[in-house]
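A look at the structure
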Amino acid sequence: MTSQVMNGNGKAFHDSDVGKPPEPNFAMTTLQTVLDFILFISVSIGYILQDLYYMALGYPEKDLKNDIALVTGGGSGIGRLLATRLSKMGTKVVIWDINQQGINETVDIVQSTGGYCKGYVVDISKKEDVYKAADQVRRDVGDVTLLINNAGVVSGRLLLDTPDHLIERSFNVNVMAHFWTTKAFLPQMIENDCGHIVTIASLAGHVGISKLVDYCASKFAAVGFDEALRLELDVLGHQGVQTTCICPYFIGATGMFDDVNARWVPILKAEDVADRIIKAIKTNEKVAVIPGYIKILLSLKWVFPWGCNSQFLRRLVPDAAPHQVAPVKCAPTPTNDSTNYKINPNTDISNGIGKSAAMLVKRTPSVGERVL
Ligand SMILES: NC(=O)c1ccc[n+]([C@@H]2O[C@H](COP(=O)([O-])OP(=O)(O)OC[C@H]3O[C@@H](n4cnc5c(N)ncnc54)[C@H](O)[C@@H]3O)[C@@H](O)[C@H]2O)c1
């Protein structure tokens, strides 16, 4: 049996109503929704006009000379090119890499041009190592104001030929590490209301490619990480902390995708990509797709049927990893015994050595661990 009392509006109130939210006032809710919509439209028009103004007159560029930048994967490729460019602008550069030789080379290159560069061997897939190294950097150099999550790996095999530990490695390096580095440096950025977190993702974070299932999935996650983090910072009102997501097409001569079989869109020059990344950082650009016209193709992805996308993508990238390691057996469970995976004797495991400009370092080929 339920008792009945009258509430303030003279409406009957039952015991069974306890815990239920009050009924919304329809007129008020509608008014709020309309006002909110008008506000949203006005603010959006403001942003569009601001963007048109900047497109016509150029985006304002910030000065990076007082920044302390941390570049993960700074021991080669894009990371090295970013380190040299930043140091030329007066930025103090810290690089993290697993490759000691690569670190030494980058530090030498930067220091030979009078720049500041300090290198640390850090395996960013291990969160304890990341937190320890972050403390060390704070003690040795200071608070990082520009974090560039650049280090990346690719397995380059069909999904069922990819051992579990390589799939885990793709996620640990390409996206999980972004959580650890960001958690290590974001609090200070928020406290100072000043900082910038850059995610080096990929176009593979927007479209799927055969033989890159783990890579694409981890890069989709990295794109999501950047977008959700940017919105969260907006919601919390931390206007001084910026985020930028970089999504390049295949880049030549860094070693990662040197043997890719792709067509129609020319392979990018690493130097051009590095210049574009610096520009995006200086202008606080939110998402930089490289080359820019690919944005139009990306938007079409949601318009056309899947069959069209599939036909286009398989023609654009006939083979992402033509010289992939041929698996002898696909073990579902990771194992330390690397003899489970044998390298095809015809496969060149020199990992791009010989193609290198000043960007590549000799990577030790390890059976079953080969990065393209
Ligand atoms: N090369 C391309 O075609 C291409 C295209 C789009 C996006 N990207 C992305 O750009 C970024 C840089 O790529 P790149 O072409 O310069 O590749 P790269 O292989 O030359 O450089 C990657 C660096 O990351 C380091 N690294 C790998 N695992 C690590 C770990 N666990 N801890 C610390 N360092 C680690 C490597 O030692 C290497 O120095 C990557 O995130 C990659 O996914 C590359």
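The residue numbers shown here count from 1 along each chain, following its written sequence. Reporting in this predicted model follows two pLDDT cut-offs: at least 70 for local features of residues, and 80 or more for side-chain atom pairs to be given and counted; totals over whole chains, interfaces and linings ignore these cut-offs and use all residues.

1. Things to note about the site of the ligand
A residue counts as near a molecule or strand when its C-beta atom, positioned from the backbone, falls within 6 Å of it. Around the ligand there are 30 residues in total, and Gly-73, Gly-77, Ala-151, Gly-152 and Thr-254 lie nearest to it. Strands are runs of DSSP state E lasting at least two residues, helices are runs of H or I lasting at least four, and both sets are numbered from the N terminus onward. When contributions to the shell around the ligand are tallied by element, the ones reaching two or more residues are helix 2 (77-88) and strand 4 (92-97). When residues of the shell around the ligand are assigned to their parent elements, the largest contribution, three residues, is made by helix 2. Of the residues contributing to the shell around the ligand, the split by class is 14 nonpolar, 14 polar and two charged. Three categories are distinguished: nonpolar for Ala, Val, Leu, Ile, Met, Phe, Trp, Tyr, Cys and Pro, charged for Asp, Glu, Lys and Arg, and polar for the others, with Gly belonging to the last.

2. Brief notes about the confidence of the model for the protein chain
Every residue is assigned a pLDDT by the predictor, reflecting its confidence on a scale from 0 to 100. Residues at a pLDDT of 70 or more form 82% of the protein chain, whose mean pLDDT is 86. Once C-beta atoms are placed from the backbone, any two residues with those atoms within 7 Å are in contact. In the model, residues 328-372 has pLDDT below 50 throughout and makes 74 contacts with residues more than four positions away in sequence or in other chains.

3. Focus: the nonpolar core
Most often, soluble globular proteins have nonpolar side chains that are buried together. Here, a nonpolar core denotes buried Ala, Val, Leu, Ile, Met, Phe, Trp, Tyr and Cys residues that are linked to one another through C-beta atoms within 7 Å. Neighbour counting defines burial: a residue surrounded by 20 or more other C-beta atoms within 10 Å of its own C-beta is buried, one with 12 or fewer is exposed, and intermediate counts give partly exposed, using backbone-placed C-beta atoms. Counting residues in hydrophobic clusters, the biggest one holds 74 residues, and the most contacted among them are Ala-69, Leu-70, Leu-82, Val-93 and Ile-148. The dominant element in this core, judged by the number of residues it contributes, is helix 5 (residues 164-192), at eight residues. Not counting residues within four places of it along the chain, the set of residues in contact with Val-93 comprises Ala-69, Val-71, Ala-83, Leu-86, Ser-87, Val-110, Gly-115, Tyr-116 and Cys-117.

4. Digging into the UniProt feature "transmembrane region" (unreviewed entry) in the protein chain
Listed under "transmembrane region" (unreviewed entry) in the UniProt record, and renumbered for this structure, are residues 26-49. Secondary structure over residues 26-49 splits into 100% helix and 0% strand, and the C-alpha atoms at its two ends are 35 Å apart. UniProt positions are given in the numbering used here, feature names are shortened, and annotations may be inferred rather than shown by experiment.

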